[in-house]
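# Structural overview for review
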Amino acid sequence: MLEELKKLDSTFTESMFKSKVDNIFVLMMSSIMFRDITRIYSSLNEGMRHKVQEIIDELNSKNEIQMYDELNVKDTEIKNVQILEDRYVIEVLLTSRYLDYKLDATTKKYKSGNNSSRIELRNHLVFEEKRNHKSLGMAAKCPNCGANIDYNYSGVCEYCKEQMPKEDYDWILTSWESY
């Protein structure tokens, strides 16, 4: 199905897609560490925004900082491609490694977890893109104030601070499970 996708979407390349997946994954983990969804907001669908915000809210309620030190992506493998009537769906298996521990948000002192050796986790990620999506090469306009939006940055209007998802323009993370 990957070859079929390449025929249907002339802008798709496997290497660029995998790079995008790696970047979105690292940005999501960083957003959890910094307890701020703003940087990843536009690359997540509504369900994933809710999931990441819940993680951040739980950390805040416990006055904790989740650390993913020495985070790297070891491997990214496309496992399944679906070509649906209105969208493309790609399932990815991403293997990541990092130190996984928590700090007290006030004192910045170690609280729990593994801060001495990296763990390796497999992450099942699902990305979707609308068929006949708009090109990111064209200037996107903020629906709130009309300013040009740079979706490659954060999907946040620099002028009015409105957050705009990339759902009409690019691949969006719709599911994430670690094991």
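The rules behind each value
- Residues numbered from 1 in each chain as written.
- Predicted model: local features only at pLDDT ≥ 70, side-chain atom pairs only at ≥ 80, totals over all residues.
- Heavy atoms only, no water.
- Helix = DSSP H or I, 4+ residues; strand = E, 2+ residues; numbered from the N terminus.
- Rg over C-alpha atoms; globule rule 2.2 N^0.38 Å.
- Buried < 20%, exposed > 50% of the residue type's maximum accessible area, 1.4 Å probe, protein only.
- Contact = heavy atoms within 4.5 Å.
- Areas by Shrake-Rupley, 256 points an atom, 1.4 Å probe, with all protein chains shown as cover.
- Lys, Arg positive; Asp, Glu negative; His and termini not counted.
- Charge placed at Lys NZ, Arg CZ, Asp CG, Glu CD.
- Phe/Tyr/Trp six-rings, centres within 6.5 Å; stacked < 30°, edge-to-face > 60°.
- Salt bridge = Lys/Arg side-chain N within 4 Å of Asp/Glu carboxyl O.
- Expected span 1.5 Å × (residues − 1).
- Arc of directions from axis to C-beta.
- Pairing = 2+ DSSP bridges.

With that out of the way, let us pick up the overall build of the protein chain. A tally of regular secondary structure across the protein chain gives three helices and six strands. Relative to a compact globule of 179 residues, whose C-alpha radius of gyration would be 16 Å, the protein chain shows 17 Å and is just as compact. Dimensions of the protein chain, computed from C-alpha atoms along their principal axes, come out at roughly 50 × 40 × 20 Å. Of all 179 residues assigned to the protein chain, the portion counted as buried reaches 40%. A fraction of 65% describes how many contacts in the protein chain between residues 6 or more apart in sequence connect residues 24 or more apart. Accessible surface for the protein chain amounts to roughly 9,900 Å². Of this, 46% is attributable to carbon and sulfur atoms. For the protein chain, the distance from the average site of its 25 positive side-chain charges to the average site of its 30 negative ones is 3 Å.

Time to look at the packing of aromatic side chains. One pass over the full model with this rule turns up six aromatic pairs. Between phenylalanine 17 and phenylalanine 127, the aromatic rings sit 5.8 Å apart at their centres with planes inclined by 80 degrees, giving edge-to-face as the arrangement. Residue phenylalanine 17 is found in helix 2 (residues 14-33), and its partner phenylalanine 127 is found in strand 3 (residues 110-130); the two are separated by 110 residues along the sequence. Given a relative accessible area of 3%, phenylalanine 17 falls into the buried group. On the numbers, 5.0 Å between centres and 80 degrees between planes, the contact of tyrosine 68 with tyrosine 98 is edge-to-face.

With that settled, the discussion passes to the environment of threonine 95. Position of threonine 95 among the secondary structure elements: in strand 2 (residues 87-104). Separated by 20 residues in the primary sequence, threonine 95 and aspartate 75 have C-alpha atoms spaced 5.1 Å apart. Among all residues touching threonine 95, those that are not within four sequence positions of it are Asn72, Val73, Lys74, Asp75, Glu120, Leu121 and Arg122.

To continue, consider the pattern of salt bridges. Evaluation of the coordinates by the stated rule reveals 13 salt bridges. Between arginine 87 and glutamate 128 there is a salt bridge, with its nearest N and O atoms 3.0 Å apart. Of the two residues, arginine 87 is situated in strand 2 and glutamate 128 in strand 3; the sequence distance between them amounts to 41 residues. With a relative accessible area of 27%, arginine 87 lands in the partly exposed category. Residues joined in a network through salt bridges with shared partners are Glu64, Lys102 and Lys111.

This brings us to helix 3 (residues 46-61). When the terminal C-alpha atoms of helix 3 are compared, their 22 Å separation across 16 residues agrees well with the 22 Å that a helix rising 1.5 Å per residue should span. Along helix 3, the residues classified as buried are Met48, Arg49, Val52, Ile56 and Leu59. Each buried residue of helix 3 sits inside an arc of 105 degrees when the element is viewed along its axis, so together they form one side. The exposed set on the far side of helix 3, more than 90 degrees from its buried face, consists of Glu46, His50 and Ser61. Where helix 3 terminates, the next one or two residues include asparagine 63, which has phi positive at roughly 55 degrees.

Turning to the pairing of strand 2, a few remarks are in order. Along strand 2, 13 of the 18 residues are buried, which leaves the element largely enclosed by surrounding structure. As paired strands, strand 1 (residues 64-83) and strand 2 are joined by 16 bridges and run antiparallel to one another. Looking at strand 2, one finds that glutamate 77 is bridged to leucine 93. The turn linking strand 1 back onto strand 2 is made up of three residues. A loop of five residues connects strand 2 with strand 3, the two strands running antiparallel in sequence, and lysine 108 in this loop sits at a positive phi of about 65 degrees.

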